[in-house]
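Structural overview
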Amino acid sequence: MSGSRRLDDWIEAFVKYTDNTEPPESYRRWVAISTMASALQRKCKLDWGSETFFPNMYIVLVGPPAARKGTAMRTGKDLLDQIGIAVSADESSRQKLVKSLQEMGVADQDDLGRITFHSSMTLYSSELTVFLGYGAKELLAMLCKWYDCEPRYVYDTLQRGKEEVPNVWCNLMGATTPGQLQASLPEDAVGSGFTSRVVFVYEHNKGKLVRKPTLEDQLLEPLLHDLGRVRNLSGDFTVLPDAEDVYYDWYEHSEDEAIFTDYRMEYYVQRRPTHLFKLSMIISAARGDDKIITPIDLKEAIKVLEGAEKNMSQVFAGVGANPLAGIQFRILNIVRDLGPTETAVVAEALQSDASFSQFGEAIQSLEQMGHIKIDIIKKLIIPVT
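Before going into details, it helps to say that this report is about the structure given with it. Note that the coordinates shown come from a computational prediction; the quantities given were computed from them, not determined experimentally.

Most of helix H1 (residues 10–17) sits inside the fold, with 6 of its 8 residues counted as buried. Among the residues of H1, those classed as buried are Trp10, Ile11, Ala13, Phe14, Val15 and Tyr17. For H1, the capping residue at the N-terminal end is Asp9, with a side-chain oxygen 3.0 Å from the backbone nitrogen of Ile11.

As structure tokens, then:
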């Protein structure tokens, strides 16, 4: 830990700060990661061979309405508000977003005395599908360009012709439900483009029941102090040689592994190194001011990223051409929550969304895919864990 820091690890402290609340730990951890990124902005970067990575991430919490996604997000935004980091929340038009990005342009001096002008913005939206608009391809295309932190973003205006925003940096923290995602995303956006740039954090329920949620107040001041320190960081991150070896080993093994069975995740898999390097910078910054990525930092980044990936394919279980996909997704969630469940109970829960024949086809398909077992004698649907 840096001598000027009050916490050994800002992310772990945030998770502890929010421990007596209902959002799942994964939600709280990824909100902490996004909050760190919001403070780093484009002032920091990592050069890796011919590539340059910046510490921005697109993170989307996915789960049912009662999973406490918004609760997790509010705590991170409250900390950003308290140290004066502006976010653009729930803007709905491309024009407004570009204007917000322009207004956030600032000049910063790095640790070598170099002055850099950058336009850094964090988007915060607890209703991501409302923010994106239904099938808004132009907005999705713009967000793809912003994620890649191009040196300039050129756009057309009706009155002034072409204008540009220099050194764009965009960080996204959003939340949605599987059903909203299915309704809002154009089918060709799933897999390539926007979704390959997003770390989707899926949970099918809230973390725990808390009768009176509270925060660990003694951690508030050190969290704010260290977040302020992170905000002042600038310059280049470096990767220690031993950490490079950790990355090489992970990269070689990931090439040989079938991480997802869903073909739509192939483009995400190609971007895994980008997600990992961005996450490694954030984790390093959470632990100190030296901007050095150690083997421990990289191993932690791998652990956190792979933790999110375990459930990631479930995000798109209800998205696609298969008309039964949404029904199958809901059946799986019901039996995973309740355990072995009477067929009649599940059918009743879906009576408004599926006909008798559709329900029968859906459970037969799930059984054939190995997701459930059907006990004909006891009339039970049993989840396969």
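Next comes the rest of the write-up.
Another aspect to go through is the packing of aromatic side chains. In this structure the tally under the stated criterion is 13 aromatic pairs. An aromatic cluster is present here, built from Trp48, Phe53, Tyr247, Tyr248, Trp250, Tyr251 and Phe277 joined pairwise through their rings. Lying over the aromatic face of Phe54, Arg42 brings its terminal NZ or CZ to 4.3 Å of the ring centre. When the ring centre of Tyr147 is taken as origin, the NZ or CZ atom of Lys278, which lies over that ring, is 4.7 Å away.

So, on to the sheet that holds strand E13 (residues 341–342). The 3 strands lie next to each other as E13-E15-E14, forming an open sheet whose pairing is antiparallel. Since the sheet does not close on itself, it has two edges, and those belong to E13 and strand E14 (372–375), each with one partner. Sheet topology note: the E13/strand E15 (residues 380–383) ladder contains 2 bridges and is antiparallel. Paired with Thr341 across the two strands is Ile381, which belongs to E15. Against the sheet, helix H15 (residues 356–368) engages E14 and E15, with an angle of about 120° to E14.

The next point concerns the sheet that holds strand E1 (residues 44–48). With mixed pairing, 4 strands are arranged side by side in an open sheet as E2-E1-E11-E12. Looking at which strands have only one partner, the edges of the open sheet turn out to be strand E2 (51–53) and strand E12 (292–293).

Looking now at the pairing of E15. Examined bridge by bridge, E14 and E15 share 4 bridges and lie antiparallel to one another. For Ile374, the partnering residue across the bridge sits in E15 and is Ile381. Between E14 and the antiparallel strand that follows it, E15, lie 4 residues; Lys379 among them carries a positive phi value of about 55°.

The next point concerns the pattern of salt bridges. Pairs can form between side chains of opposite charge whenever their charged atoms are close. Overall, the coordinates contain 17 salt bridges when judged by the stated rule. Taking the shortest distance from any N to any O, the salt bridge between Asp81 and Lys77 comes out at 3.2 Å. One end of the pair is Asp81 and the other is Lys77, both in helix H3 (residues 69–82) and 4 residues apart, which spans about a single turn. Owing to a relative accessible area of 40%, Asp81 belongs among the partly exposed residues under this scheme. Taken together, the salt bridges that share partners define one network made up of Arg5, Arg229 and Asp289.

Our next topic: the packing of H1 against H3. In contact at an axis separation of 11 Å, H1 and H3 are set at 120° when each is read in the N-to-C sense. Viewed along their axes, H1 and H3 adopt a mutual orientation that is oblique. Note that H1 runs across H3; the crossing there is right-handed. Seen from H1, the contacting residues are Trp10, Phe14 and Tyr17; seen from H3, they are Thr75, Gly76 and Leu79. Considering only residue class, the contact of H1 with H3 consists of 4 nonpolar, 2 polar and no charged.

Before going further, it helps to spend a moment on the side chain of Ser38. In this structure, Ser38 sits in helix H2 (residues 25–40). Only 3.2 Å separates the side chain of Ser38 from the side chain of Asn171, close enough to count as a polar contact. The contacts of Ser38, once residues within four sequence positions are left out, are Leu80, Ile85, Thr122, Trp169 and Asn171.

Criteria and cut-off values
- Residues numbered from 1 in each chain as written.
- Predicted model: local features only at pLDDT ≥ 70, side-chain atom pairs only at ≥ 80, totals over all residues.
- Heavy atoms only, no water.
- Buried < 20%, exposed > 50% of the residue type's maximum accessible area, 1.4 Å probe, protein only.
- Helix = DSSP H or I, 4+ residues; strand = E, 2+ residues; numbered from the N terminus.
- Polar contact = N/O pair within 3.5 Å; in protein donor to acceptor, adjacent residues only side chain to side chain.
- Phe/Tyr/Trp six-rings, centres within 6.5 Å; stacked < 30°, edge-to-face > 60°.
- Lys NZ or Arg CZ within 6 Å of the ring centre and 35° of its normal.
- Pairing = 2+ DSSP bridges.
- Contact = heavy atoms within 4.5 Å.
- Axes fitted to C-alpha atoms, helices over the stretch in contact; angles between N-to-C directions.
- Salt bridge = Lys/Arg side-chain N within 4 Å of Asp/Glu carboxyl O.
- Parallel < 35°, antiparallel > 145°, perpendicular 65-115°, else oblique.
- Left-handed = near helix turned anticlockwise from the far one by under 90°.
- Nonpolar A, V, L, I, M, F, W, Y, C, P; charged D, E, K, R; others polar.

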